[in-house]
Amino acid sequence: MDKVIEKWDEILQIVKVEYDVANVAFNTWLKPLKVYEVRDNVVTILVPSEQSVLLDIVNKKYRLPLQVTICEVTGMESCEIQFILPENVPKKEIPSYNMSESKSLRDQRCEEAHLNPKYTFDSFIVGSNNKFAQAAALAVAESPGDTYNPLFIYGGAGLGKTHLMHSIAHYIIDNNENSKVLYVTSEEFTNELIETIRNGNNSAMSKFREKYRNIDVLLVDDIQFIIGKESTQEEFFHTFNSLHSAKKQIIISSDKPPKDMEILEERFRSRFEWGLIADITLPDYETRMAILHKKEELDGYNISEEVIKYIATNIKSNIRELEGAFNKVMASSKLEKKEVTLELAEKALKDIISPDQQKEITPEYIISVVAEHYHVTTADLCGNKRSSKIVMPRQIAMYLCRDIIDTSLKTIGKNLGNRDHTTVMHGIEKIEKELQTNDNLKNSIDTLRKKINPQG
Ligand SMILES: Nc1ncnc2c1ncn2[C@@H]1O[C@H](COP(=O)(O)OP(=O)(O)OP(=O)(O)O)[C@@H](O)[C@H]1O
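About the cut-offs
Residues numbered from 1 in each chain as written. Predicted model: local features only at pLDDT ≥ 70, side-chain atom pairs only at ≥ 80, totals over all residues. Heavy atoms only, no water. Helix = DSSP H or I, 4+ residues; strand = E, 2+ residues; numbered from the N terminus. Expected span 1.5 Å × (residues − 1). Buried < 20%, exposed > 50% of the residue type's maximum accessible area, 1.4 Å probe, protein only. Contact = heavy atoms within 4.5 Å. Near = heavy atom within 4 Å. Polar contact = N/O pair within 3.5 Å; in protein donor to acceptor, adjacent residues only side chain to side chain. Areas by Shrake-Rupley, 256 points an atom, 1.4 Å probe, with all protein chains shown as cover. Nonpolar A, V, L, I, M, F, W, Y, C, P; charged D, E, K, R; others polar. Pairing = 2+ DSSP bridges. Axes fitted to C-alpha atoms, helices over the stretch in contact; angles between N-to-C directions.

J.: Give a detailed account of helix 11 (residues 230-245), specifying residues and quantitative values.
T.: Helix length check: helix 11 (16 residues) gives 23 Å between terminal C-alpha atoms against 22 Å at 1.5 Å per residue, within 8%. Taken together, the buried positions of helix 11 are occupied by T232, Q233, E235, F236, F237, T239, F240 and L243. Structurally, helix 11 contributes buried residues whose contacts are with helix 9 (186-199), helix 10 (202-213), strand 6 (217-221), strand 7 (249-254) and helix 12 (266-272). Positive backbone phi, at 60°, marks K247, one or two positions downstream of helix 11.

Have a look at this one:
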(Lines give C-alpha, C1' and ligand atoms only; values in the text may rest on other atoms or scores of the structure.)
Protein backbone atom coordinates (compact mmCIF):
# COMPACT_ATOMS: atom_id res chain seq x y z
CA MET A 1 0.00 0.00 0.00
CA ASP A 2 2.99 2.26 0.46
CA LYS A 3 3.08 2.16 -3.29
CA VAL A 4 0.67 5.10 -3.37
CA ILE A 5 3.11 7.19 -1.36
CA GLU A 6 6.08 5.95 -3.31
CA LYS A 7 4.48 6.69 -6.66
CA TRP A 8 2.66 9.84 -5.62
CA ASP A 9 4.59 12.23 -7.85
CA GLU A 10 4.13 9.95 -10.82
CA ILE A 11 0.39 9.68 -10.09
CA LEU A 12 0.04 13.45 -10.05
CA GLN A 13 1.99 13.81 -13.28
CA ILE A 14 -0.21 11.24 -15.00
CA VAL A 15 -3.37 13.06 -13.86
CA LYS A 16 -1.86 16.27 -15.23
CA VAL A 17 -1.20 14.78 -18.65
CA GLU A 18 -4.22 12.51 -18.98
CA TYR A 19 -6.72 15.09 -17.87
CA ASP A 20 -5.02 17.99 -19.55
CA VAL A 21 -4.52 20.04 -16.38
CA ALA A 22 -2.90 23.41 -17.06
CA ASN A 23 0.30 24.31 -15.23
CA VAL A 24 -1.22 26.88 -12.93
CA ALA A 25 -4.13 24.61 -12.06
CA PHE A 26 -1.70 21.77 -11.42
CA ASN A 27 0.46 23.97 -9.20
CA THR A 28 -2.55 25.30 -7.40
CA TRP A 29 -4.64 22.20 -6.84
CA LEU A 30 -2.69 18.99 -7.35
CA LYS A 31 0.92 19.68 -6.45
CA PRO A 32 0.20 20.63 -2.82
CA LEU A 33 -1.73 17.38 -2.13
CA LYS A 34 -0.01 14.85 0.11
CA VAL A 35 -0.90 11.29 0.96
CA TYR A 36 -1.71 11.25 4.64
CA GLU A 37 -2.32 7.55 4.97
CA VAL A 38 -3.40 4.47 3.09
CA ARG A 39 -5.50 2.00 5.08
CA ASP A 40 -7.12 -0.99 3.44
CA ASN A 41 -8.28 0.51 0.20
CA VAL A 42 -8.93 4.01 1.56
CA VAL A 43 -6.41 6.64 0.51
CA THR A 44 -6.55 9.72 2.73
CA ILE A 45 -5.18 12.82 1.06
CA LEU A 46 -4.22 15.97 2.89
CA VAL A 47 -5.23 19.29 1.31
CA PRO A 48 -2.79 21.71 2.93
CA SER A 49 -5.07 24.68 3.35
CA GLU A 50 -7.17 26.39 5.97
CA GLN A 51 -10.02 26.79 3.52
CA SER A 52 -12.52 23.99 3.33
CA VAL A 53 -13.77 25.50 0.10
CA LEU A 54 -10.48 24.46 -1.52
CA LEU A 55 -11.03 20.93 -0.34
CA ASP A 56 -14.47 21.02 -1.93
CA ILE A 57 -13.04 22.15 -5.23
CA VAL A 58 -10.32 19.51 -5.24
CA ASN A 59 -12.90 16.94 -4.29
CA LYS A 60 -15.20 17.96 -7.10
CA LYS A 61 -12.60 18.25 -9.81
CA TYR A 62 -9.98 15.66 -9.01
CA ARG A 63 -11.51 12.84 -6.96
CA LEU A 64 -12.28 10.68 -9.95
CA PRO A 65 -9.06 11.32 -11.92
CA LEU A 66 -7.03 10.51 -8.80
CA GLN A 67 -9.03 7.40 -8.03
CA VAL A 68 -8.60 6.03 -11.54
CA THR A 69 -4.92 6.87 -11.73
CA ILE A 70 -4.07 5.45 -8.30
CA CYS A 71 -5.60 2.13 -9.30
CA GLU A 72 -3.81 2.17 -12.65
CA VAL A 73 -0.40 2.92 -11.22
CA THR A 74 -0.48 0.78 -8.09
CA GLY A 75 -2.49 -2.13 -9.41
CA MET A 76 -5.09 -1.76 -6.62
CA GLU A 77 -8.38 -3.21 -7.71
CA SER A 78 -10.41 -0.39 -6.30
CA CYS A 79 -9.84 2.49 -3.94
CA GLU A 80 -11.75 5.10 -2.03
CA ILE A 81 -10.47 8.62 -1.64
CA GLN A 82 -10.92 10.77 1.38
CA PHE A 83 -9.70 14.37 1.51
CA ILE A 84 -8.83 16.01 4.82
CA LEU A 85 -7.67 19.41 6.00
CA PRO A 86 -4.71 19.91 8.36
CA GLU A 87 -7.11 21.11 11.06
CA ASN A 88 -8.60 17.63 11.18
CA VAL A 89 -5.27 15.97 11.79
CA PRO A 90 -3.53 16.01 15.16
CA LYS A 91 -0.59 18.41 14.75
CA LYS A 92 2.22 15.97 15.32
CA GLU A 93 0.78 13.59 12.81
CA ILE A 94 0.99 15.91 9.86
CA PRO A 95 3.68 14.48 7.59
CA SER A 96 6.81 16.45 8.07
CA TYR A 97 7.18 17.24 4.38
CA ASN A 98 3.84 18.98 4.56
CA MET A 99 4.74 20.99 7.65
CA SER A 100 7.87 22.25 6.07
CA GLU A 101 6.20 22.98 2.80
CA SER A 102 3.11 24.69 4.12
CA LYS A 103 5.25 27.05 6.15
CA SER A 104 8.52 26.74 4.35
CA LEU A 105 11.32 29.19 4.49
CA ARG A 106 10.14 30.47 1.15
CA ASP A 107 6.63 31.15 2.45
CA GLN A 108 8.12 32.90 5.41
CA ARG A 109 10.23 35.11 3.16
CA CYS A 110 7.17 35.94 1.06
CA GLU A 111 5.25 36.84 4.18
CA GLU A 112 8.06 39.02 5.46
CA ALA A 113 8.27 40.74 2.08
CA HIS A 114 4.49 41.44 2.33
CA LEU A 115 3.56 39.53 -0.80
CA ASN A 116 0.22 38.23 -1.95
CA PRO A 117 0.83 34.57 -2.85
CA LYS A 118 -1.62 34.82 -5.74
CA TYR A 119 0.28 37.55 -7.58
CA THR A 120 2.89 35.66 -9.59
CA PHE A 121 4.03 35.66 -13.21
CA ASP A 122 2.15 32.38 -13.64
CA SER A 123 -1.18 33.97 -12.88
CA PHE A 124 -0.46 37.16 -14.83
CA ILE A 125 -2.10 37.18 -18.25
CA VAL A 126 0.00 38.83 -20.91
CA GLY A 127 -1.79 40.92 -23.50
CA SER A 128 -0.90 43.74 -25.83
CA ASN A 129 -1.64 46.22 -23.02
CA ASN A 130 1.01 44.90 -20.65
CA LYS A 131 3.40 42.93 -22.86
CA PHE A 132 6.24 45.35 -22.47
CA ALA A 133 5.73 45.88 -18.75
CA GLN A 134 5.65 42.11 -18.20
CA ALA A 135 8.84 41.59 -20.20
CA ALA A 136 10.55 44.43 -18.36
CA ALA A 137 9.42 43.01 -15.06
CA LEU A 138 10.73 39.56 -15.91
CA ALA A 139 14.04 41.00 -17.08
CA VAL A 140 14.44 42.82 -13.78
CA ALA A 141 13.41 39.72 -11.86
CA GLU A 142 16.05 37.69 -13.68
CA SER A 143 18.89 40.04 -12.88
CA PRO A 144 17.94 42.39 -10.09
CA GLY A 145 20.05 45.50 -9.59
CA ASP A 146 21.77 44.91 -12.85
CA THR A 147 20.41 46.68 -15.89
CA TYR A 148 17.16 48.45 -15.35
CA ASN A 149 17.29 50.37 -12.14
CA PRO A 150 14.84 51.65 -11.10
CA LEU A 151 12.03 49.95 -12.93
CA PHE A 152 9.14 52.38 -13.01
CA ILE A 153 5.74 50.85 -13.84
CA TYR A 154 2.80 53.15 -14.40
CA GLY A 155 -0.84 52.84 -15.41
CA GLY A 156 -4.40 53.51 -14.32
CA ALA A 157 -6.13 52.00 -11.30
CA GLY A 158 -6.65 48.25 -11.19
CA LEU A 159 -4.63 47.40 -14.28
CA GLY A 160 -2.13 45.03 -12.70
CA LYS A 161 0.79 47.11 -11.42
CA THR A 162 0.72 45.58 -7.97
CA HIS A 163 0.30 42.10 -9.40
CA LEU A 164 3.34 42.59 -11.59
CA MET A 165 5.44 44.00 -8.75
CA HIS A 166 4.62 41.04 -6.53
CA SER A 167 5.46 38.70 -9.41
CA ILE A 168 8.94 40.19 -9.59
CA ALA A 169 9.38 39.82 -5.85
CA HIS A 170 8.21 36.19 -5.88
CA TYR A 171 10.54 35.38 -8.73
CA ILE A 172 13.52 36.92 -6.97
CA ILE A 173 12.72 35.11 -3.74
CA ASP A 174 12.45 31.82 -5.64
CA ASN A 175 15.70 32.26 -7.46
CA ASN A 176 17.94 34.12 -5.03
CA GLU A 177 18.10 32.30 -1.76
CA ASN A 178 19.57 35.07 0.26
CA SER A 179 18.23 38.27 -1.15
CA LYS A 180 16.16 40.45 1.09
CA VAL A 181 13.04 41.66 -0.66
CA LEU A 182 10.54 44.17 0.67
CA TYR A 183 7.29 45.40 -0.85
CA VAL A 184 5.56 48.43 0.67
CA THR A 185 2.95 50.86 -0.47
CA SER A 186 4.06 54.46 -0.24
CA GLU A 187 1.33 54.88 2.36
CA GLU A 188 2.91 52.19 4.55
CA PHE A 189 6.31 53.81 4.11
CA THR A 190 4.83 57.16 5.17
CA ASN A 191 2.99 55.72 8.16
CA GLU A 192 6.07 53.92 9.36
CA LEU A 193 8.07 57.08 9.09
CA ILE A 194 5.43 59.09 10.96
CA GLU A 195 5.50 56.48 13.70
CA THR A 196 9.30 56.59 13.84
CA ILE A 197 9.39 60.36 14.02
CA ARG A 198 6.76 60.34 16.75
CA ASN A 199 8.90 58.00 18.81
CA GLY A 200 11.37 60.82 18.59
CA ASN A 201 14.56 58.99 19.38
CA ASN A 202 17.61 58.42 17.28
CA SER A 203 17.64 54.71 17.66
CA ALA A 204 14.14 54.39 16.15
CA MET A 205 15.27 56.49 13.21
CA SER A 206 18.43 54.45 12.72
CA LYS A 207 16.34 51.29 12.82
CA PHE A 208 14.02 52.64 10.15
CA ARG A 209 16.98 53.55 7.94
CA GLU A 210 18.68 50.27 8.55
CA LYS A 211 15.55 48.42 7.57
CA TYR A 212 15.12 50.23 4.28
CA ARG A 213 18.74 50.55 3.32
CA ASN A 214 19.81 46.99 4.09
CA ILE A 215 17.67 45.25 1.57
CA ASP A 216 18.41 43.97 -1.90
CA VAL A 217 15.13 44.68 -3.61
CA LEU A 218 12.72 47.44 -2.60
CA LEU A 219 9.33 47.70 -4.25
CA VAL A 220 7.29 50.83 -3.54
CA ASP A 221 3.72 50.84 -4.81
CA ASP A 222 1.68 53.97 -5.62
CA ILE A 223 4.55 56.42 -5.23
CA GLN A 224 2.21 59.27 -6.26
CA PHE A 225 0.89 59.35 -2.70
CA ILE A 226 4.14 60.67 -1.25
CA ILE A 227 4.14 63.76 -3.40
CA GLY A 228 3.82 66.83 -1.25
CA LYS A 229 4.69 64.98 1.96
CA GLU A 230 7.95 66.73 2.76
CA SER A 231 9.61 64.50 5.30
CA THR A 232 8.54 61.31 3.55
CA GLN A 233 9.92 62.57 0.25
CA GLU A 234 13.18 63.50 1.89
CA GLU A 235 13.58 60.14 3.56
CA PHE A 236 12.60 58.26 0.43
CA PHE A 237 15.13 60.30 -1.56
CA HIS A 238 17.96 59.15 0.72
CA THR A 239 16.70 55.57 0.74
CA PHE A 240 16.63 55.63 -3.04
CA ASN A 241 20.15 57.02 -3.33
CA SER A 242 21.59 54.65 -0.83
CA LEU A 243 20.08 51.57 -2.48
CA HIS A 244 20.78 52.69 -6.00
CA SER A 245 24.43 53.42 -5.38
CA ALA A 246 24.80 50.00 -3.77
CA LYS A 247 23.29 48.49 -6.96
CA LYS A 248 20.22 47.27 -5.15
CA GLN A 249 17.08 46.96 -7.24
CA ILE A 250 14.29 49.51 -6.84
CA ILE A 251 10.87 49.04 -8.39
CA ILE A 252 8.32 51.81 -8.27
CA SER A 253 4.75 52.10 -9.43
CA SER A 254 2.62 55.12 -10.04
CA ASP A 255 -0.56 56.17 -11.79
CA LYS A 256 1.38 58.41 -14.22
CA PRO A 257 4.81 58.55 -15.85
CA PRO A 258 7.36 60.79 -14.08
CA LYS A 259 7.09 63.48 -16.75
CA ASP A 260 3.38 63.91 -16.07
CA MET A 261 3.61 63.97 -12.30
CA GLU A 262 3.07 67.65 -11.98
CA ILE A 263 4.44 68.58 -8.60
CA LEU A 264 7.18 66.00 -8.55
CA GLU A 265 10.52 67.59 -7.72
CA GLU A 266 13.10 67.49 -10.47
CA ARG A 267 15.54 65.41 -8.40
CA PHE A 268 12.92 62.63 -8.28
CA ARG A 269 11.86 63.00 -11.86
CA SER A 270 15.38 62.54 -13.14
CA ARG A 271 16.06 59.57 -10.83
CA PHE A 272 12.84 57.83 -11.79
CA GLU A 273 13.90 58.16 -15.39
CA TRP A 274 17.35 56.62 -14.84
CA GLY A 275 16.18 53.07 -15.40
CA LEU A 276 13.32 51.69 -17.41
CA ILE A 277 9.81 53.08 -17.62
CA ALA A 278 7.01 50.72 -18.62
CA ASP A 279 3.32 51.37 -18.87
CA ILE A 280 0.25 49.21 -18.58
CA THR A 281 -2.75 50.36 -20.57
CA LEU A 282 -6.34 49.21 -20.82
CA PRO A 283 -6.72 45.52 -21.67
CA ASP A 284 -8.29 44.67 -25.01
CA TYR A 285 -11.18 42.24 -25.39
CA GLU A 286 -8.99 39.14 -25.85
CA THR A 287 -6.99 39.94 -22.75
CA ARG A 288 -10.14 40.52 -20.72
CA MET A 289 -11.48 37.16 -21.90
CA ALA A 290 -8.21 35.45 -21.01
CA ILE A 291 -8.20 37.02 -17.55
CA LEU A 292 -11.74 35.82 -16.88
CA HIS A 293 -10.91 32.32 -18.12
CA LYS A 294 -7.89 32.22 -15.85
CA LYS A 295 -9.99 33.30 -12.91
CA GLU A 296 -12.58 30.67 -13.74
CA GLU A 297 -9.85 28.03 -13.78
CA LEU A 298 -8.15 29.18 -10.58
CA ASP A 299 -11.41 29.45 -8.67
CA GLY A 300 -12.48 26.06 -9.97
CA TYR A 301 -15.63 27.14 -11.80
CA ASN A 302 -17.01 26.14 -15.14
CA ILE A 303 -19.34 28.76 -16.58
CA SER A 304 -20.72 29.33 -20.02
CA GLU A 305 -18.78 31.23 -22.64
CA GLU A 306 -21.78 33.47 -23.19
CA VAL A 307 -21.56 34.82 -19.64
CA ILE A 308 -17.78 35.32 -19.81
CA LYS A 309 -18.23 37.21 -23.06
CA TYR A 310 -20.94 39.37 -21.54
CA ILE A 311 -18.67 40.43 -18.69
CA ALA A 312 -15.63 40.96 -20.95
CA THR A 313 -17.65 43.05 -23.40
CA ASN A 314 -19.12 45.31 -20.79
CA ILE A 315 -16.35 45.91 -18.26
CA LYS A 316 -13.48 47.55 -20.05
CA SER A 317 -11.66 50.01 -17.92
CA ASN A 318 -10.28 48.15 -14.99
CA ILE A 319 -9.28 44.55 -14.25
CA ARG A 320 -10.21 44.86 -10.61
CA GLU A 321 -13.74 45.70 -11.72
CA LEU A 322 -13.67 42.88 -14.22
CA GLU A 323 -12.85 40.43 -11.44
CA GLY A 324 -15.36 42.11 -9.16
CA ALA A 325 -18.09 41.63 -11.75
CA PHE A 326 -17.18 37.95 -12.11
CA ASN A 327 -17.30 37.49 -8.33
CA LYS A 328 -20.62 39.25 -8.14
CA VAL A 329 -22.17 36.92 -10.70
CA MET A 330 -20.85 33.85 -8.89
CA ALA A 331 -22.03 35.16 -5.52
CA SER A 332 -25.45 35.88 -6.86
CA SER A 333 -25.72 32.40 -8.34
CA LYS A 334 -24.81 30.88 -4.97
CA LEU A 335 -27.16 33.12 -3.06
CA GLU A 336 -30.10 32.51 -5.32
CA LYS A 337 -29.15 28.86 -5.76
CA LYS A 338 -29.47 29.27 -9.52
CA GLU A 339 -27.27 28.27 -12.39
CA VAL A 340 -25.09 30.96 -13.95
CA THR A 341 -27.01 32.10 -17.00
CA LEU A 342 -26.80 35.25 -19.06
CA GLU A 343 -30.02 36.41 -17.49
CA LEU A 344 -28.63 35.96 -13.99
CA ALA A 345 -25.42 37.80 -14.97
CA GLU A 346 -27.36 40.71 -16.43
CA LYS A 347 -29.43 41.03 -13.30
CA ALA A 348 -26.43 40.73 -10.97
CA LEU A 349 -24.48 43.38 -12.88
CA LYS A 350 -27.21 45.85 -13.64
CA ASP A 351 -25.77 48.45 -11.23
CA ILE A 352 -22.24 48.08 -12.56
CA ILE A 353 -22.99 47.95 -16.26
CA SER A 354 -24.83 51.21 -16.68
CA PRO A 355 -25.70 52.31 -20.21
CA ASP A 356 -23.38 55.30 -20.21
CA GLN A 357 -20.59 53.57 -18.25
CA GLN A 358 -20.36 56.72 -16.11
CA LYS A 359 -18.64 55.84 -12.87
CA GLU A 360 -20.67 57.25 -10.05
CA ILE A 361 -19.26 57.32 -6.55
CA THR A 362 -21.74 55.29 -4.53
CA PRO A 363 -21.60 54.05 -0.92
CA GLU A 364 -21.16 50.57 -2.35
CA TYR A 365 -18.11 51.71 -4.32
CA ILE A 366 -16.57 53.49 -1.32
CA ILE A 367 -17.07 50.38 0.83
CA SER A 368 -15.39 48.20 -1.80
CA VAL A 369 -12.36 50.51 -2.08
CA VAL A 370 -11.95 50.62 1.71
CA ALA A 371 -12.29 46.83 1.93
CA GLU A 372 -9.65 46.28 -0.70
CA HIS A 373 -7.34 48.85 0.83
CA TYR A 374 -7.38 47.03 4.17
CA HIS A 375 -7.27 43.54 2.63
CA VAL A 376 -10.63 42.53 4.03
CA THR A 377 -13.81 41.64 2.17
CA THR A 378 -16.92 43.79 1.83
CA ALA A 379 -18.77 40.92 3.55
CA ASP A 380 -16.46 41.46 6.55
CA LEU A 381 -17.30 45.15 6.64
CA CYS A 382 -21.01 44.41 6.41
CA GLY A 383 -20.86 41.53 8.88
CA ASN A 384 -20.69 41.30 12.63
CA LYS A 385 -17.01 40.72 13.28
CA ARG A 386 -15.73 42.95 16.07
CA SER A 387 -11.96 42.60 15.68
CA SER A 388 -10.10 45.88 15.30
CA LYS A 389 -8.87 44.68 11.89
CA ILE A 390 -12.48 44.97 10.71
CA VAL A 391 -14.04 47.60 13.01
CA MET A 392 -11.65 50.38 12.06
CA PRO A 393 -12.07 49.99 8.25
CA ARG A 394 -15.83 49.70 8.78
CA GLN A 395 -15.86 53.04 10.62
CA ILE A 396 -13.60 54.58 8.00
CA ALA A 397 -16.08 53.48 5.31
CA MET A 398 -18.88 55.14 7.30
CA TYR A 399 -16.85 58.31 7.63
CA LEU A 400 -15.94 58.47 3.92
CA CYS A 401 -19.50 57.79 2.72
CA ARG A 402 -20.65 60.72 4.83
CA ASP A 403 -17.76 62.98 3.99
CA ILE A 404 -17.34 62.41 0.26
CA ILE A 405 -20.92 61.96 -0.93
CA ASP A 406 -22.90 63.15 2.06
CA THR A 407 -24.81 59.88 2.38
CA SER A 408 -27.49 59.83 5.07
CA LEU A 409 -26.71 57.89 8.25
CA LYS A 410 -29.60 55.58 7.50
CA THR A 411 -28.36 54.73 4.00
CA ILE A 412 -24.82 54.19 5.23
CA GLY A 413 -26.17 51.80 7.86
CA LYS A 414 -28.21 49.99 5.26
CA ASN A 415 -25.20 49.54 2.98
CA LEU A 416 -23.07 48.26 5.82
CA GLY A 417 -25.14 45.25 6.82
CA ASN A 418 -28.28 47.03 8.04
CA ARG A 419 -26.68 48.84 10.92
CA ASP A 420 -28.58 51.29 13.02
CA HIS A 421 -28.04 55.00 12.30
CA THR A 422 -26.77 55.62 15.84
CA THR A 423 -24.06 53.00 15.28
CA VAL A 424 -23.06 54.83 12.12
CA MET A 425 -23.03 58.17 13.92
CA HIS A 426 -20.84 56.72 16.65
CA GLY A 427 -18.45 55.29 14.03
CA ILE A 428 -18.13 58.59 12.20
CA GLU A 429 -17.55 60.54 15.43
CA LYS A 430 -14.91 58.05 16.46
CA ILE A 431 -12.98 58.65 13.23
CA GLU A 432 -13.40 62.43 13.42
CA LYS A 433 -12.01 62.44 16.94
CA GLU A 434 -9.16 60.14 16.07
CA LEU A 435 -8.25 62.32 13.08
CA GLN A 436 -7.44 65.21 15.39
CA THR A 437 -4.43 63.43 16.80
CA ASN A 438 -3.60 60.44 14.62
CA ASP A 439 -1.36 61.35 11.68
CA ASN A 440 -1.27 57.80 10.40
CA LEU A 441 -5.02 57.73 10.08
CA LYS A 442 -4.92 61.14 8.39
CA ASN A 443 -2.48 59.81 5.85
CA SER A 444 -4.56 56.68 5.21
CA ILE A 445 -7.78 58.66 4.79
CA ASP A 446 -5.98 61.02 2.45
CA THR A 447 -4.82 58.05 0.34
CA LEU A 448 -8.29 56.53 0.33
CA ARG A 449 -9.86 59.78 -0.82
CA LYS A 450 -7.48 59.85 -3.78
CA LYS A 451 -8.24 56.22 -4.57
CA ILE A 452 -11.98 56.83 -4.47
CA ASN A 453 -11.90 60.00 -6.45
CA PRO A 454 -8.60 60.49 -8.33
CA GLN A 455 -9.89 63.68 -9.94
CA GLY A 456 -11.23 65.11 -6.70
N1 LIG B 1 -2.69 40.74 -16.56
C2 LIG B 1 -3.38 40.28 -15.51
N3 LIG B 1 -3.62 38.96 -15.37
C4 LIG B 1 -4.32 38.48 -14.33
N5 LIG B 1 -4.84 39.25 -13.37
C6 LIG B 1 -4.63 40.57 -13.44
C7 LIG B 1 -3.89 41.16 -14.50
N8 LIG B 1 -3.83 42.48 -14.32
C9 LIG B 1 -4.50 42.73 -13.17
N10 LIG B 1 -4.99 41.59 -12.64
C11 LIG B 1 -5.79 41.47 -11.42
O12 LIG B 1 -6.57 42.64 -11.27
C13 LIG B 1 -6.62 43.06 -9.92
C14 LIG B 1 -6.12 44.48 -9.79
O15 LIG B 1 -4.73 44.51 -10.11
P16 LIG B 1 -3.64 45.35 -9.27
O17 LIG B 1 -4.05 45.46 -7.83
O18 LIG B 1 -2.32 44.77 -9.56
O19 LIG B 1 -3.83 46.76 -9.96
P20 LIG B 1 -3.02 48.12 -9.75
O21 LIG B 1 -2.67 48.59 -11.09
O22 LIG B 1 -1.92 47.92 -8.77
O23 LIG B 1 -4.14 49.05 -9.11
P24 LIG B 1 -3.99 50.36 -8.13
O25 LIG B 1 -3.31 51.40 -8.92
O26 LIG B 1 -5.43 50.70 -7.84
O27 LIG B 1 -3.23 49.91 -6.94
C28 LIG B 1 -5.79 42.06 -9.13
O29 LIG B 1 -6.63 41.10 -8.56
C30 LIG B 1 -4.90 41.42 -10.21
O31 LIG B 1 -4.54 40.10 -9.87
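J.: Explain the site of the ligand to me, and be specific about the residues and the numbers.
T.: Lining the immediate environment of the ligand, one finds 18 residues, of which I125, K161, T162, H163 and E323 sit closest. Between N130 and the ligand, the recorded distance is 3.3 Å, taken from a side-chain N or O atom to a nitrogen atom. For the ligand, an oxygen atom lies 2.5 Å from a polar atom in the side chain of T162. Coverage of the ligand by the protein chains reaches 90% of its 640 Å² of free accessible surface. Secondary structure elements with two or more residues in the shell around the ligand: helix 8 (161-175) and helix 15 (319-336). Grouping the amino acids of the shell around the ligand by side-chain chemistry returns 7 nonpolar, 7 polar and 4 charged.

J.: Got a sec to walk through the sheet that holds strand 6? Specific residues and values, please.
T.: What the 5 strands build is an open sheet, ordered 5-6-7-4-8; its pairing is parallel. Edge positions in the open sheet fall to strand 5 (181-185) and strand 8 (276-280), since each of these has one partner strand only. Across the sheet, the axes of successive neighbouring strands diverge by a mean angle of 15°, strand direction being ignored. As judged from the 4 bridges shared by strand 6 and strand 7, these two strands associate in the parallel manner. The partner of L219 across the bridge, within strand 7, is I251. The strands touched by helix 7 (residues 131-142) are strand 4 (151-155), strand 7 and strand 8; relative to strand 8, the strand with the most contacts, the crossing angle is about 140°.

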